[in-house]
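# Structural features, examined
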Amino acid sequence: MNYETVIGLEVHVQLKTAAKIFCSCPAGSGGEPNTRVCPVCLGLPGTLPVLNRKVVELAVRAGLALNCAVSGFSKFDRKNYFSPDLPKAYQISQYDRPLNDSGRLEISVDGEVKRIGITRAHLEEDAGKLVHFDDGWSGVDYNRAGIPLLEIVSEPDLRSPREAGEYLKELRSVMRYLGVSDCDMEKGSFRCDANISLRPSGAPELGVKAEIKNLNSFKAVERALEYEESRQRGMLERGETVLQETRLYNADLQRTSSMRSKEEAHDYRYFPDPDLVPVVLEQEWLEEQRRSLPELPLARLSRFRKEYGLPLHDAGVLTAERPLADYFEAAAAAVDSPKALSNWVMGELMGKLNEAGLAIEESPVPPGGLARLVSLVEQGKISGKIAKRVFAEIFESGGDPEEIVEEQGLLQISDRDELEAVVERVIGENPGPVGDFQSGKKAALGFLVGQVMKATGGQANPKLVNQLLHSRLS
Ligand SMILES: [Zn+2]
């Protein structure tokens, strides 16, 4: 029998606000344990939470970008459970009236656009963190307690581990474009739990699902889902029953193992939090948020393809992060060939930035400088080889590419007479390869071109050298 894989993801995005969601403690990561706490986020008796307005704004912008129905009326509920890192023994979350309802995210899988439903995107507070020490005891750090989270729940619309990976990448890209979160999976500001089940192909009802936790990288999500997919298929093929349970992923062993049977919503005894008033949004304010959304990555990708004639791969790389897309556009305004520029950005520029551990915003070569360099190559004034040398120089110590080319006399030699003389000399000095070429070994020409380039310090126009050698030897 053929089985179909059904995957839904729950993603917790840490919202980038200065203060926590219900108190004024700082929300960023870091700080000595339990130094970013107050009576409110420690859940001391008699304290009252007050909602941070900025949290609502970021969550609404995220909801609008995910095409959600943003509710003009939402409220907070208590999700009851005990854990040492949850001082109130309940988490303030949203249950039946979430801020953002039923949206969708479009993802691109092999160039095909697929629409993934978003069930909801609701607000909640983060819990603290348990720290386990080597000598057998544990401590609790409440700095994280009360940091605002947006939980984004997808519909079970994903059909393979790879699609799940694409969805996560797109979601992260959108959140980062909006500036609502850093979405750093390693630092825990972007966390994912995955639900996966299998069903006979074409069956209308869903199979029994497992929820996988402890996924802390994109690779881990895909690997865990691949493992779980084959584990469940094996069980179904042997006629065994898949249990609804929560499973933990072990990245070292690359496998999942059972943690506990899956809890249901009613286990949490949700009820409205009496300490918080409902959130009522004005239509006018909502429209203002909608109008001020930036162009989102997938829209920008298709515009890059149309406007600059870039291949899918280039457009995808360049638009994945907003600052990189901005850099490209600033430079593209000043070049004739956007594709040539794209090659320079994705190759030389990103290579050097990675080497130096710099972000694109910190690039020592400004967009205008790169554009002038690419134009010099495009206009045949310098060779690609010389351009790389000039690029390395301006990356290291700044300067203007045109001035450097001028000062160091690097202009490409496109003068026929001058090059013919060099070609003549190289032919005279290399009778072996010349003979090889004339007896049919076409590859020998490459060697001769290389000799001419060497003799001119890389400044000869390689196209012209090729032509000259060809006509002289044929
Ligand atoms: Zn606090």
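In this text, all values refer to a predicted model and were calculated from it rather than measured experimentally.

Cut-offs used in this document
Residues numbered from 1 in each chain as written. Predicted model: local features only at pLDDT ≥ 70, side-chain atom pairs only at ≥ 80, totals over all residues. Heavy atoms only, no water. Salt bridge = Lys/Arg side-chain N within 4 Å of Asp/Glu carboxyl O. Helix = DSSP H or I, 4+ residues; strand = E, 2+ residues; numbered from the N terminus. Buried < 20%, exposed > 50% of the residue type's maximum accessible area, 1.4 Å probe, protein only. Donors = N, O, S within 2.8 Å, 3.2 Å for Na, K, Ca; no water. Tetrahedral: all angles 85-135°; square planar, octahedral: opposite > 155°, others 65-115°. Axes fitted to C-alpha atoms, helices over the stretch in contact; angles between N-to-C directions. Parallel < 35°, antiparallel > 145°, perpendicular 65-115°, else oblique. Left-handed = near helix turned anticlockwise from the far one by under 90°. Contact = heavy atoms within 4.5 Å. Nonpolar A, V, L, I, M, F, W, Y, C, P; charged D, E, K, R; others polar. Domains from an automatic or database assignment. Buried area = accessible area lost by both parts, 1.4 Å probe. Polar contact = N/O pair within 3.5 Å; in protein donor to acceptor, adjacent residues only side chain to side chain. Pairing = 2+ DSSP bridges.

## A short note on the pattern of salt bridges
Under the counting rule described, the total for this entry stands at 34 salt bridges. One salt bridge connects Glu321 with Arg176, and the closest N-O pair in it is separated by 2.9 Å. Here the residue Glu321 occupies a position in the loop between helix 6 (312-319) and helix 7 (322-332), and Arg176 occupies one in helix 2 (residues 161-178), the gap between them amounting to 145 residues. When its relative accessible area of 34% is taken as the criterion, Arg176 is described as partly exposed. Linking Glu307 and Arg303 is a salt bridge whose minimum nitrogen-to-oxygen distance equals 3.0 Å. Of the two residues, Glu307 and Arg303 are both situated in helix 5 (residues 297-308); the distance of 4 residues between them amounts to about one turn of the helix. We classify Glu307 as partly exposed; its relative accessible area is 48%.

## A short note on the coordination of the zinc ion
Protein coordination at the zinc ion comes from Cys23 (SG), Cys25 (SG), Cys38 (SG) and Cys41 (SG), with a distance range of 2.3 to 2.4 Å. Coordination at the zinc ion is tetrahedral: its 4 donor atoms span angles of 102 to 115° at the metal. Each donor residue of the zinc ion belongs to the same chain, with the gaps between them written as C-x1-C-x12-C-x2-C. Of this pair, Cys25 sits in the loop between strand 1 (3-14) and helix 1 (53-65) while Cys38 sits in the loop between strand 1 and helix 1, and the two are 13 residues apart along the sequence.

## Re the packing of helix 12 (residues 416-429) against helix 14 (residues 444-455)
Each pair of packed helices can be described by the angle between their axes along with the distance between the axes. Two numbers describe how helix 12 lies on helix 14: the axes approach to 10 Å, and their chain directions differ by 125°. Between helix 12 and helix 14, the angle is such that the two are oblique. The handedness of the crossing between helix 12 and helix 14 is right-handed. Seen from helix 12, the contacting residues are Val422, Val423, Arg425 and Val426; seen from helix 14, they are Leu448, Gln451, Val452 and Ala455. Residue composition of the contact of helix 12 with helix 14, grouped by class: 6 nonpolar, 1 polar and 1 charged.

## Concerning the domain arrangement of the chain
When cut into domains, the chain gives domain 1 (3-289), domain 2 (297-407) and domain 3 (416-473). On the domain 2 side, the residues contacting the 9 residues of domain 1 number 9 residues. Carbon and sulfur atoms supply 58% of the area that domain 1 and domain 2 bury against each other, a total of about 790 Å² over both sides. Applying the counting rule to domain 1 against domain 2 returns 1 salt bridge. The interface formed by domain 1 and domain 2 includes 4 residue pairs in polar contact (both at pLDDT 80 or more). Of all the secondary structure elements, the ones that give two or more residues to the side of domain 1 that touches domain 2 are strand 6 (100-109) and helix 2. Broken down by element, the side of domain 1 that touches domain 2 gets its largest block of residues, 5 residues, from helix 2. Split by residue class, the side of domain 1 that touches domain 2 holds 3 nonpolar, 3 polar and 3 charged.

## Section: the sheet that holds strand 15 (residues 271-272)
Strand order across the open sheet formed by 3 strands is 5-4-15, with antiparallel pairing between neighbours. The two strands at the open ends of the sheet, each matched to only one other strand, are strand 5 (90-93) and strand 15. Two strands pair when backbone bridges link them, and strand 4 (residues 77-80) and strand 5 are joined in this way by 4 bridges, in the antiparallel orientation. Directly across from Asn80, in strand 5, lies its bridge partner Tyr90.

## Comments concerning unusual backbone geometry
One non-glycine residue, Asn34, adopts positive backbone phi at about 60°. Relative to the helices and strands, Asn34 is located in the loop between strand 1 and helix 1. Despite not being glycine, Gln254 has its phi angle at roughly 55°, a positive value. Among the structural elements, Gln254 can be located in the loop between strand 13 (245-250) and strand 14 (255-261).

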